[in-house]
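# Descriptive structure summary
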Amino acid sequence: IPEGLIEFIPEIKALISEINDKLSQPEIQPTEEAILGVLSKENAECFRYLPGFIRAQLLLDRDPHGNVQVAKIETEKLLAATVHNELENRRSSGYEGTFSPQLHAFGYEGRAGMPTIFDSAYCYALGYTASSLLVNGCTGLIASVKNLLAPCKEWQCGGVPITSLCVIERRKGKDKPVIRKALVEMTGGLSQPFQFYKKIRDHLKICDMYRIPGPTQFDMVNCEVSKDIPMTLQLELGRTWELQVPTEKPKRMGKFLFLPQAKRMRSELQRWRALMITKDRERRLPAAISTFNANAVTVKKGEETCCNAHTVVSRYFSEVHAPILDIVPTEERNAPIHDKKIGIVFCGRQAPGCHDFVCGLVDMLPVNHGNKVYGFVGGTHGLMDKQAVELDPELCDSFCGAGGLEMLGRTVDRINTQEEKEMAKSTCQDLDLDGLVLVGGARTNTDAAYLSEYFKQNKVKTGVVGVPCGIEGSMVNEFVEASLGFDSATKAMSELVGNTAIDGSSARKYYYFLKLMDGSTTGGRNATSHVALEVALETKPNLLLLSEEVDEQRNNLREIVNGIADVISARADDGKNFGTVLIAEGLLAAIPEFRTLIAELEGFPMPNTVDKVLPELTTWSAALFRSLPEFIQKELLLERQSNAALQLSQLETDRLMARLVQDELKQRKKKGTFKGSFSPVCQFLGYQARCSMPSDFDSDYAYALGGTAAVLATRSCNGYMAVISDLAHPVERWHCCGVPFTAMLQVAPQVPGESFRPRPGIFPRKVDLDAAAFSSWKEVRDSCAKEELYENPGPIQLSGSSASRVTQTIATRFSYLKELEGLQRNLEALRTRCRPGCHLRQVKVASGILTTLNSILDELSEHVVPTTFLEPAVK
């Protein structure tokens, strides 16, 4: 929806014109009562018809010309609301669909971005042209550069008289000459872009023809696509485009339509990226699987593992000391892997790299040996309903390097009831699967652990293998150093935040409140802030509101609001009435009083209404609920996630914080302690990033994970997660292995007064406030609050010197498995030194030190307490 659409609706256009004219008169106040008293009858009726939030936006602060700020009118919200009403009315006529709109305004995160190669050259030429005109005494001209389809050296530079571009428009109640605004031409010499759109728009209404141009590239040497100019300009200048439409009809599979996108439908950058990965650059691979053939590797049993709360875990699992399985190269000529059948399910939410994972899984299996990989269309629902398609190299090739989960799709992240496990068992037996690979976060892999034990107890031959995946980055632990998709999503969000922060320091009049999606795999129960922390490290905002820090310090809502207001006041004293505030998606769930309210609300069926819920809340929670703005009250009562947890992404935390801070600053202004101005702009970033094209790191990581999972699955290694460690090192030094789920299980502490004990699970890992990543932020945050230290990492690069850059969170993460290897080497060295015949003094020293060390370890074991991220009881 174009920002100015509302101006072109005849009755709205007439209304806006009269409002502009009336409010240019100083005696008329921008209130509904005042404006209704002076509007014409027709415009007054139109004004009353509009929703309240649109009426308020029509009366907001004016632009520099005294006109309505069209940018602040939420046209998308107006249309979504009216379309929803229309569809509900059509139900009586047979409409049976669902309509769940997500709203977003784009602009701030794009207008201060790093310029493309074309814009950089074009703007430099404009500057040079303007300078040349001035030094030659030319005035009253606008700089012009033409012939833009030709190489830069052939561009034609000059000047055009400004008066030839002017028309008369109404400004502040008076007619003034202004440069005519160029509208999209629907007919005539420059109508080619619109005419091309007319050819395809009927197809777009029905077909999924989404075209992903990908992140802006700057490698002019290796990436020819980096030099492209806008499609609109190309069409206006005479270039033609071939119309690409799907030739195959979608195949209905359960509730999903299966229609893989052909490679010819991909954008130029996507096709270039796929070609570069498969042919030019080739895949970077860990040394152990460099041949990328399951017959060229073997699975070697490593050290046995131990698990936390052995007594509790052993009630649910028959084997709690399974060994780590190392994947190592072999030259032995064993019988080739043949006639193996592997199934794959996208369980977790969207994340970049999942398609490259599938490519790795398929490519690892030896060809021409009867091996098959089945993808379940529609995620877990597809698994239950046996909606499977065979995945071959040709199909995978068209998705190589593409973001999202559109190849197979997903539904809900859940396989935990008896019925669901039985349905999964039936599917695996009917398809005669040797392995089932489940891709997702902590919830997925917890379910995978119990499903593997269910299969074992029921003597199902299918081995269940889990894969750590999720943009939230919380599916990490001692063994798992990164979840797939975190690197790409945080880089994509960092570009948007960096652009927005630079936009703020350019206009110097807005405070941007940016809420960052963090996955929320367990909703309000275990909110994490890995994404927000990584983006803060990349962009250096003025403030970062981190869920884990708020939780540790037990900050209440008032303390948080005062803290933000303090920073804004201090900056105002320095004449800075602008800034950027990052807010973790799960912030509200970390605030004590909100956590209690959320816990109580989870006991009600949702969606629900305020009048039904409010009387049932405890006194304190009811008081908090009443104090909240109406929009937050409604959002707290929306439909829940598939695990009945609150959808934190639906809470406008950014808007709530901005509203409360604004109220606090108004009070301070009355007291004379705040003399600045405060104009907040709120945004939610997440959907724009979680399906981005994967970074080189995620592409390599996904492909290697796919190969690792294939090796484990073909050997029916049941109850294991595919793990790759040493990720801070070059790809060739990565270590591939399988780690038993039981080694990652933990037991949540029992809630006082409750007899119910939650089952062991793999829980989302919160940000470690003592780790290197958060320590890096603590070192700079005071300076960030005072100054503008904004950094813009720019778009993800797919070639060139910066393409291999890894996020700081991953680069600084401790390698648990590598440290264990070092410990084993030291123990072996000790064993070698203290063989029979060594000097008595060596024996005494070694024995004494080991005795002391064991005493210390015993002491540590006795005083281990449940970590903070296990505090909420996860059922």
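The structure we're discussing is the one just above.
First, a word on scope: everything that follows refers to the structure included in this document. (Residues numbered from 1 in each chain as written. Predicted model: local features only at pLDDT ≥ 70, side-chain atom pairs only at ≥ 80, totals over all residues. Heavy atoms only, no water.)

### As for the overall build of the chain
For the chain, the helix and strand inventory stands at 30 helices and 19 strands. Over its C-alpha trace the chain gives a radius of gyration of 30 Å, about what one expects of a compact globule, namely 29 Å for 875 residues. Put simply, of all contacts in the chain between residues at least 6 apart along the chain, 74% involve residues at least 24 apart. As presented, the chain carries roughly 42800 Å² of accessible surface, and 52% of it is formed by carbon and sulfur atoms. Charged side chains in the chain number 100 positive and 108 negative. The centres of these two groups are separated by 1 Å. (Helix = DSSP H or I, 4+ residues; strand = E, 2+ residues; numbered from the N terminus. Rg over C-alpha atoms; globule rule 2.2 N^0.38 Å. Contact = heavy atoms within 4.5 Å. Areas by Shrake-Rupley, 256 points an atom, 1.4 Å probe, with all protein chains shown as cover. Lys, Arg positive; Asp, Glu negative; His and termini not counted. Charge placed at Lys NZ, Arg CZ, Asp CG, Glu CD.)

### Topic: the sheet that holds strand β17 (residues 680–685)
A sheet is described by the order of its strands in space; here four strands give the open sequence β15-β16-β14-β17, paired in parallel fashion. One side of each edge strand has no neighbouring strand; the edge strands of this open sheet are β15 (543–545) and β17. Averaged over all neighbouring strand pairs, the angle between strand axes comes to 20°, with direction disregarded. Bridge count between strand β14 (residues 511–516) and β17: six bridges; the pairing is parallel. Along β17, the bridge assignment pairs Lys515 with Phe684. Of the strands in this sheet, β14, β15 and β16 (579–584) touch helix α19 (residues 557–573), which is tilted by about 175° from β15. (Pairing = 2+ DSSP bridges. Axes fitted to C-alpha atoms, helices over the stretch in contact; angles between N-to-C directions.)

### Section: the packing of helix α16 (residues 486–507) against helix α17 (residues 530–539)
The description of two helices packed together rests on the angle between their axes and the distance between the axes. The interhelical angle for the contact between α16 and α17, taken along N-to-C directions, is 50°, at an axis separation of 9 Å. If you check the angle between α16 and α17, you find them oblique. The hand of the α16/α17 crossing is right-handed. Here Phe486, Thr490, Met493, Ser494, Val497 and Gly498 of α16 lie close against α17, whose contacting residues are His530, Val531, Glu534, Val535, Glu538 and Thr539. Looking at side-chain class alone, the contact of α16 with α17 contains five nonpolar, five polar and two charged residues. (Parallel < 35°, antiparallel > 145°, perpendicular 65-115°, else oblique. Left-handed = near helix turned anticlockwise from the far one by under 90°. Nonpolar A, V, L, I, M, F, W, Y, C, P; charged D, E, K, R; others polar.)

### Topic: the nonpolar core
Grouped together as the largest cluster of nonpolar side chains are 103 residues, with contacts concentrated most on Ile344, Phe357, Leu391 and Val437. In terms of residue count, the dominant contributor to this core is helix α26 (residues 696–714) (11 residues). When neighbours within four sequence positions are excluded, Phe357 is seen to be in contact with Ile344, Val437, Val439, Val467, Leu484, Ala702, Tyr703, Leu705, Gly706 and Ala709. Phe513, Ile583, Ala589 and Val661 belong to the second largest nonpolar core, which has 50 residues in total. (Core = buried A, V, L, I, M, F, W, Y, C linked by side-chain atoms within 4.5 Å. Buried < 20%, exposed > 50% of the residue type's maximum accessible area, 1.4 Å probe, protein only.)

### Side note on the environment of Pro215
Here Pro215 shows up in the loop between α7 (192–206) and α8 (231–236). A relative accessible area of 17% means that Pro215 is categorised as buried. With 477 residues separating them in the primary sequence, Pro215 and Ser692 have C-alpha atoms 8.4 Å apart.

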